[in-house]
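Architecture and fold: a report
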Amino acid sequence: MIAAVLRNGTCTGSLYKSSPEQQRTHEFCVLLGITLWSYSDFWAYSKGDAPTSMINIVGASSWNPIQTILSGNKGRANSSTSSMFSDDASNQLTKSCDFLILTYSGMQLRCSAPSPNDKDKWLAALHEGLEGNISENRIESLLSLTRRQGTSFTSMPNEDDALATKSEMLVQSAITQSLASFENEGKIYPMRKPLPRVKSAPKWTPAVNKHRTGYHSPCSDRSSPASEFQCMSCGCFPPEAAMRIESTPLPQYGLEERADNCHDCFVAQGVLNHVNYLCMLYDAEARDRAAIRTAREEVRGTKERLIWENAGLNAEPPKEDPPGIKTDCSDEDAETVATAPAEEPKCVLTGLADALVALVSGKKFASYRQRSAGLDGMCQSLEDNGTKYVVDFMEQLDECAQSAESSGFYDSGSVSSKEKVDGIEGMRKQFQVAGDTSAALRLLYEYALPQNNQSVHNDSTMLATILEFFVDLCESGQIGALAFFWPQICHIHMQMLPPTDTKQLIRVEMIEDFLLTVATRYSVNLALSLSWGLTADLEESLGEAHCHPAARRRRFAVLRFVSELESVLFDFDGGWGGGGASGIMSPGRHQAALLRDAMASLQLRRRFSSTFLTRSVRMDKLKAEALEALGNGNDQSSASLTIARNASYFSSHMKLTRKLGDIAEKLRHLEVEKRKEVLTEELIKVNASGRTLGGDPLNRLCDSRFKRTVRIPVNETHVFRSKERTPVLLLMEIVADKTNENAEANVDDEAPSLDCERERCNSGVI
């Protein structure tokens, strides 16, 4: 039995589950929000197997324990308004390890934890998720994160009128879209009707496929007979080799247990579950930040009332500020709301400590502590240290509340946003003076992958500073220094996938934002290198049965990021790159619609994020899409031209590289004497495919002048002998395209002048 661990928005551990329709089974479970994932054991979870069941919870046993364990600390009693069951003998249930949950389908599950302490952790996470899933509470959290209290949208003091108007429009639009998104969550769709079972409609046969490189879905192999079982997701009868019996649950169709799926639907469902998991992590992180900001307001109100009482004034809000007291602070002020009279500081601090301890130990404050582990830790220190910790408690709470504000998307000109950017800017300048690129890479590894959750390396601000330093290298023309370490940075990113809690989510999102920004804004060559690395990892995890557990576990996260990379490169809306993901994923029609909606929901949650880079292509795209939807879009013709050139170069390079790899793979299955002749024939076909064949086969860094392959001399080639592969030596003619410098100048039909150079490279199996 694995003890329950409640950390950063998730609860994991072992549970015994039973129901009237199900025998008692032991499973490793992961609870996030109101969704419970169950796995046969911890090893199945760690290597990325599909869950045995996915259930959405609508109710849980009442929760009145004597001691509630939050964030690994002993502490406060708590209560919940979301309980669906009533337990009269609460003292006896406290000693019991059993509790009940009610699923969306109406089934009651009896769960048993290893100990009463573990049961309290599970119930704490359950009730926190149930309360946080109420629409009113979710909207209230979003309003709090955007500095809007209550239900009104009022501009903040000292805010520019034009900026305030735009900010309010974006907030109202996001809240409206959030309401629609919340209503669609948990919706059950009708099952797909079975399609006609056909025995013949071959797309390709194994004999043809063996001459192709890369990953190929078994659903495309129509040479094998059709399966006798229907895919419950798309309704088709796939080939027998592509059928996955009891492979993964389909909660969108009401199937909480594992159902039959074809291979393509299994992969698409894995990506859909991963995107929904990220959305739930964002919800948990938003509840955490909203709890800190709401708690800060409660603490400020308590301190203000205490100071007014000590000053001999009424507790009602005054019309004017008395001497020595400041009450008109804006939300961005890091100073205290009121300053105590100087004549009795010890007495005031003692009274303030007692009042704050009573506040944080109360029933109302317990819900805030339940949602935020950081707030709970600060409150625990205040309860333990009393007067000694009052000043530090107030300062830390103000700092956490400031950093929790969603100012990156809505209020880029606000005081909080400027202070955050100025803080990163100051650290970045110090880093530029004291560090070099190799030292920055070492620090990046330490802060991106902290060992054993080391608190010293859990600072997202330091991680943002390191990434901003790398972006500075790109803007200063030193992108070659970054390109030298680019493979290591990409490998660090893959090691971080998939994020399992809110802290990991913040780090992964920052790294991915950096990769997207550099790959699309500064160098399409690095985008190609990133794409080939991700594709190679996918071909291993999806194509091989005995791949490394780490690659198998992150396969769906890599697919999601590849799709996002395509979305930014080709300027697709919604953060979804057409669903193709470089031809690896082929979802059904309804699954593709669900994936687009899930990605749109994820993009909506990113608007409320508090962690961002100062130069973020993801944030700029989100703003542009939101303003365009409101009818306030700007003219981006120059940016569109750059995107079109980069997309064209990216596509041509990918096609040429795959084509050459397929030729080399085809030669491997031929006799040695025939390889030279077949190579010549295939290269003639490649040369006849167009004026420009593709990009630079060596993928060397270039400025605005892309290098393109225009011809491959067929008589200057050589085929090497090898047992497993067929390396081919090719000579290619590459031109530096000058049309990128003056795209508008070359409008006539005359061919532009080209600087030709001949490059020799090896083209083997990709």
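Residues numbered from 1 in each chain as written. Predicted model: local features only at pLDDT ≥ 70, side-chain atom pairs only at ≥ 80, totals over all residues. Heavy atoms only, no water.

As a further point, take the overall build of the chain. Along its length, the chain carries 25 helices and 16 strands. By the burial criterion, 51% of the 766 residues in the chain qualify as buried. Across the chain, contacts joining residues at least 24 apart in sequence account for 65% of those joining residues at least 6 apart. (Helix = DSSP H or I, 4+ residues; strand = E, 2+ residues; numbered from the N terminus. Buried < 20%, exposed > 50% of the residue type's maximum accessible area, 1.4 Å probe, protein only. Contact = heavy atoms within 4.5 Å.)

A word on the pairing of strand β8 (residues 98-103). Within β8, 5 of the 6 residues are buried, leaving the element largely enclosed by the surrounding structure. Across 3 bridges, strand β5 (residues 53-60) lies against β8 in antiparallel orientation. Note that in β8 the partner of Ala60 across the bridge is Ile101. Pairing geometry for β8 and strand β9 (residues 108-112), over 5 bridges, is antiparallel. By the bridge assignment for β9, Asp98 is matched with Ser112. In this antiparallel pair of consecutive strands, β8 and β9, the connection spans 4 residues, and Gly106 shows a positive phi of 95°. (Pairing = 2+ DSSP bridges.)

The next point concerns the pattern of salt bridges. For the structure on display, the rule yields 30 salt bridges. Linking Arg606 and Glu564 is a salt bridge whose minimum nitrogen-to-oxygen distance equals 2.9 Å. With Arg606 in helix α22 (residues 589-606) and Glu564 in helix α21 (residues 555-569), the pair connects residues that are 42 residues apart, well separated along the chain. Its relative accessible area of 3% is what places Arg606 among the buried residues. You can call Glu564 buried: its relative accessible area is 3%. Ionic contacts of the salt-bridge type, sharing partners, join the residues Glu509, Glu512, Arg560, Glu564, Arg606 and Arg618 into one network. (Salt bridge = Lys/Arg side-chain N within 4 Å of Asp/Glu carboxyl O.)

Residues Leu444, Leu467, Phe470, Trp486 and Phe514 are the most contacted members of the largest nonpolar core, which totals 91 residues. If we skip the residues at most four places from it in the chain, Leu444 touches Leu449, Leu463, Ile466, Leu467, Phe470, Ile489, Ile492 and Ile511. Counting 22 residues, the second largest nonpolar core, distinct from the first, contains Val360, Tyr368, Leu382 and Tyr389. (Core = buried A, V, L, I, M, F, W, Y, C linked by side-chain atoms within 4.5 Å.)

On to the side chain of Lys17, then. Here Lys17 is to be found in strand β2 (residues 10-19). Since its relative accessible area comes to 3%, Lys17 is described here as buried. A polar side-chain atom of Lys17 sits 3.1 Å from a polar atom in the side chain of Glu27. At 2.6 Å, the side chain of Lys17 forms a polar contact with the side chain of Ser38. Discounting chain neighbours no more than four positions away, the residues touching Lys17 are Gln22, Gln23, Arg24, Thr25, Glu27, Cys29, Leu36, Ser38, Ser53, Leu109, Arg110 and Cys111. (Polar contact = N/O pair within 3.5 Å; in protein donor to acceptor, adjacent residues only side chain to side chain.)

Let us look at the pairing of β9. The pairing of β2 with β9 spans 3 bridges and is classified as antiparallel. Of the residues in β9, the one forming a bridge with Ser18 is Arg110.

The step from Leu497 to Pro498 runs through a cis peptide bond, and the omega angle for that step is -10°. Along the polypeptide, Pro498 turns up in the loop between α17 (486-496) and α18 (502-521). With phi around 60°, Asp571 is a residue other than glycine that occupies positive phi space. Here Asp571 lies in the loop between α21 and α22. Of note in this structure, Asn699 is not a glycine but carries a positive phi near 55°. Within the fold, Asn699 resides in the loop between β12 (694-695) and β13 (707-711).

What follows covers the packing of helix α14 (residues 437-448) against α17. Across the interface, α14 lies against α17 with an axial gap of 11 Å and an inter-helix angle of 5°. In terms of axis orientation, α14 runs roughly parallel to α17. Residue-level inspection shows Leu441, Leu444, Tyr445 and Ala448 of α14 in contact with α17, the latter providing Gln488, Ile489, Ile492, Gln495 and Met496. Tallied by class, the residues present in the contact of α14 with α17 amount to 7 nonpolar, 2 polar and no charged. (Axes fitted to C-alpha atoms, helices over the stretch in contact; angles between N-to-C directions. Parallel < 35°, antiparallel > 145°, perpendicular 65-115°, else oblique. Nonpolar A, V, L, I, M, F, W, Y, C, P; charged D, E, K, R; others polar.)

For helix α11 (residues 390-403), built from 14 residues, the straight-helix expectation of 20 Å at 1.5 Å per residue is met to within 8% by its first-to-last C-alpha distance of 20 Å. When we look at burial in α11, the residues that qualify are Val390, Phe393, Met394, Leu397, Asp398, Ala401 and Gln402. The arc enclosing the buried residues of α11, seen along the axis, measures out at 160°, which places them on a common side. (Expected span 1.5 Å × (residues − 1). Arc of directions from axis to C-beta.)

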